[in-house]
Every structure is written in structure tokens, then in C-alpha cells.
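# A structural walkthrough
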Amino acid sequence: MKSPVLITGASQRLGLAMAQNLLEQGHHVVVTYRTHRSSIALLKDKGATVIQADFSTEAAIDRAIDEIKAISKTYRGVIHNASDWAQEKAHTNKQGLMERMMIIHAVAPYRINLALEEALCNCEEQADIIHMTDYVQETGSEKHMAYAASKAALHNLTLSFAKKLSPHVKVNSVAPALLMFNEGDDETYRKKALKKSLLEIVPGAQEAVKAMNYLFDSDYITGQTLHLNGGRHLK
Ligand SMILES: NC(=O)C1=CN([C@@H]2O[C@H](COP(=O)(O)OP(=O)(O)OC[C@H]3O[C@@H](n4cnc5c(N)ncnc54)[C@H](OP(=O)(O)O)[C@@H]3O)[C@@H](O)[C@H]2O)C=CC1
Ligand SMILES: Nc1nc2c(c(=O)[nH]1)N=C([C@H](O)[C@@H](O)CO)CN2
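A short tour of the structure in this document, coming up. Since the structure is predicted, the reported quantities are computational estimates derived from the model, not experimental observations. The residue count restarts for each chain, going from 1 along the sequence in the order it is written. Chains carry letters from A onward and ligands carry numbers from 1 onward, assigned in written order. Totals for whole chains, interfaces and linings use every residue, but because this is a predicted model, local features are given only for residues with pLDDT of at least 70 and side-chain atom pairs only at 80 or more, for both listing and counting. Hydrogens and waters are ignored; side-chain quantities use all the structure's heavy atoms.

### Points about the pairing of strand β5 (residues 127-132)
The element β5 is extensively covered by neighbouring structure, given that six of its six residues are classed as buried. Burial status follows relative accessibility: with a 1.4 Å probe on protein chains alone, a residue under 20% of its type maximum counts as buried, one over 50% as exposed, and anything between as partly exposed. Secondary structure is summarised from DSSP: a helix means a run of H or I of at least four residues, a strand means a run of E of at least two, and numbering begins at the N terminus for each. Of the two faces of β5, the one carrying Ala127, Ile129 and His131 and the one carrying Asp128, Ile130 and Met132 are both buried. Two strands pair when backbone bridges link them, and strand β4 (residues 77-80) and β5 are joined in this way by four bridges, in the parallel orientation. Each residue of the ladder has a partner; that of histidine 80, found in β5, is histidine 131. Strand direction decides the pairing type here: β5 and strand β6 (residues 169-176), joined by six bridges, are parallel. Within the sheet, the bridge partner assigned to isoleucine 130 lies in β6 and is asparagine 172. Running through helix α6 (residues 145-165), the crossover from β5 to the neighbouring parallel element β6 is right-handed. At least two bridges found by DSSP between two strands are what make those strands a pair. Seen with its strands pointing away from the viewer, a crossover is right-handed if its path from the first strand over the helix to the second goes clockwise.

Given below as C-alpha cells:
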């Protein structure tokens, strides 16, 4: 069996779309999910290996690493997609908020990458790590400060792991801006959000799928950021 690709937080939206696409290409896919949804059963029916994992505690990350390592001695790729887009105004405990953002977006990817270093370097072909960061990794965010800081930390890990795991493993960030709305986004929010980019569209999950495949197919991109932001940085 081919070395698997691990995608974290793949029960919905971008992670689910990337997992489905890799399965359609014939990859062996390992996904983690926190909340069980019908999508997980669908992925399992298509041949994915599924792991329940909440990355908010050290013990849970330990358990997830043990399960991930037990599945295969080699890995073709790891996509750190799991994420909690938390706002400061929704959390009175700011210490807890920063700690939670950092453990999900930085500690878990850091520990999983270190645990899979040998598995990635021993893959029969060049391997990839993709960190799903965010446009705000470079700009910050007034409303999502701890979230933005943790995504900046994740991007910095891209640079460190690109150096540490070369030449056998390529490591890159994918930094989206608005790719998909959330169910609760009202018409006013949607109209305002569309105007934030030059292209004024919300492309959907397939934009992340295209970025993933571009990086997987590349021979010469590492330590980089693929910005998927519709020209927002020029507005
Ligand atoms: N969608 C967009 O427009 C943008 C996305 N991004 C980034 O792209 C990635 C994918 O985005 P999107 O699909 O919208 O992400 P989601 O908001 O749908 O989150 C992805 C998954 O992360 C999981 N998750 C949340 N908290 C935890 C936790 N403590 N432990 C384990 N899993 C957890 C959730 O699992 P469950 O549902 O099973 O509980 C969820 O399904 C994310 O990293 C995001 O930050 C960046 C900018 C824009
Ligand atoms: N985990 C998530 N992170 C982010 C999401 C999301 O839905 N889940 N959404 C965004 C927004 O689209 C933002 O980019 C709009 O400016 C950011 N991060």
C-alpha cells in the first residue's frame, strides 16, 4: 500500500475537500476529526483511515501521535488543517484563549511533525508537509489576535521544518483569506467581506485543493507561502 497522507480536522469544508480529492487520486488517506459527522463515515467508505482527535490537550496529542504512527511506518504527506477561528470578544479568559490557539495551531503541528520525521524522510518518494495558515499570519487581526499569533507561529514552523527536513521533505504554508463563508455569516457580512479582495469572489474549498496538488506536484518549492487571497493584500 502507498504511504499515506495525513490530514487533520478533515470532517468538513477545506479538510474534507482535500481528503476527498486525494482519495479520488488513489492516495491512502488518514484523517483526524474532533466531532463525528456523516462525512467521516463517507471518507471511511472510500477507504480513508479515520482517527478521533481533539488537539486541545497534551494527552490528546500524545494519543493521536501514537495512533498515527501505528498506521504506517512511512508517510507521503501531512496537512495540518485543524483549526479554531476564535475571537477575543467571545472569550473572557484571555490566557486560556492564547494557550488554546497555540496548542491547536502550533504545538500539535510541531509535535506531530517531529514524531513523523522518520516516517516522512523514509517515504519512497519526496514527501510534503502543508501548514494551513492564514492571510493574517503577516498582518495580524484586531478581532482574532491570539488566532493570528498562532497562525504566525505555524508559519514560522514552516520555515524551521523546511530547513530541518530537507531535501527529502518539502514544507510550505498555504495562507488563505476568505475561501468559504460560514453558515452564520449574514448578507451584510458577506457583502462587506467580498469587497476586501480585488477579485471580490469567495472561490470555495477547491481553491485549497488546487494549492495542495500544486505543492504535492512541485519539485522545487519549499519554505514558501501560497497566498490564496484574491489580491486582498493590495486593497
Ligand atoms: N475557510 C476559510 O475561508 C479560511 C480557512 N483558513 C484555514 O484553512 C483551514 C481550513 O479552514 P476551514 O475548513 O474553514 O476550517 P474549519 O473552521 O472548518 O475547521 C477545520 C476543522 O478543525 C477542527 N478543529 C477545531 N478545533 C479542534 C481541536 N481542538 N482539535 C481538533 N480539531 C479541531 C474542526 O473539527 P470538528 O468540526 O470535527 O469539531 C473542524 O472541522 C484552517 O486551518 C483555517 O484556519 C484560513 C483562512 C480562511
Ligand atoms: N478555522 C477557520 N479559520 C478561518 C476561517 C474558518 O472558517 N475556519 N475563516 C476565516 C475567514 O474566511 C477570514 O479569512 C475572512 O477574512 C479565517 N480563518
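And the narrative resumes.
### Re the site of ligand 2
Only heavy atoms are used to decide nearness, and a residue is near a molecule or strand if one of them lies within 4 Å of it. Contacts to ligand 2 come from Arg13, Ser83, Trp85, Asp134, Tyr147, Ala177, Leu178, Asn182, Tyr189 and Arg232. Taking serine 83, its side chain carries an N or O atom lying 2.8 Å from a nitrogen atom of ligand 2. A distance of 3.2 Å separates a nitrogen atom of ligand 2 from a polar side-chain atom of aspartate 134. Burial of ligand 2 by the protein chains amounts to 80% of its free accessible area of 410 Å². Per-class residue counts for the shell around ligand 2 are five nonpolar, two polar and three charged. For the purposes of these results, a polar contact is taken to be a pair of N or O atoms within 3.5 Å, where, inside protein, one atom must be able to donate a hydrogen and its partner to accept one; residues adjacent in sequence count only when each atom of the pair is a side-chain atom. Each accessible area is a Shrake-Rupley result for a 1.4 Å probe, and residues are judged covered by the shown protein chains and nothing else. Amino acids outside the nonpolar list (Ala, Val, Leu, Ile, Met, Phe, Trp, Tyr, Cys, Pro) and the charged list (Asp, Glu, Lys, Arg) are all regarded as polar, and Gly is one of them.

### Overview of the pattern of salt bridges
The term salt bridge refers to a pairing of a side-chain nitrogen on Lys or Arg with a carboxyl oxygen on Asp or Glu at a separation within 4 Å. Enumeration over the complete set of coordinates arrives at nine salt bridges. With its nearest N and O atoms 2.2 Å apart, the salt bridge here joins arginine 100 to aspartate 84. A residue pair is termed long-range when its members are at least 10 positions apart, and arginine 100 in helix α4 (residues 94-115) and aspartate 84 in the loop between β4 and α4 qualify at 16 residues. Lysine 195 serves as the salt-bridge partner of glutamate 200, at 3.3 Å between the closest nitrogen and oxygen. Using a relative accessible area of 33% as the deciding quantity, one classes glutamate 200 as partly exposed.

### Some thoughts on the site of ligand 1
Taken together, the neighbourhood of ligand 1 is formed by 25 residues, with Arg34, Thr35, Arg37, Ala177 and Leu179 sitting nearest. Interatomic distance of 3.0 Å between a backbone N/O atom of leucine 14 and an oxygen atom of ligand 1. Here alanine 177 contributes a backbone N or O atom positioned 3.3 Å from an oxygen atom of ligand 1. With the chains in place, 91% of the 890 Å² that ligand 1 exposes on its own is no longer accessible. Contributing elements (two or more residues each) for the shell around ligand 1: α1 (13-24) and α6. A breakdown of the residues in the shell around ligand 1 according to their chemical character gives twelve nonpolar, seven polar and six charged.

### Considerations on helix α2 (residues 38-45)
Three or more residues of α2 are buried, namely Ser39, Ile40 and Leu43. One side of α2 holds all its buried residues, which, seen down the axis, span an arc of 100 degrees. Exposed and facing more than 90 degrees away from the buried side of α2 are Ser38, Lys44 and Asp45. Note on contacts: a residue pair is in contact if any heavy atoms of the two residues lie within 4.5 Å. Those residues of α2 that are buried lie in contact with α1, β2 (29-33) and β3 (49-52). One or two steps after α2, the chain reaches glycine 47, where phi turns positive at roughly 105 degrees. Our arc is simply the arc of the directions from the helix axis toward the C-beta atoms.

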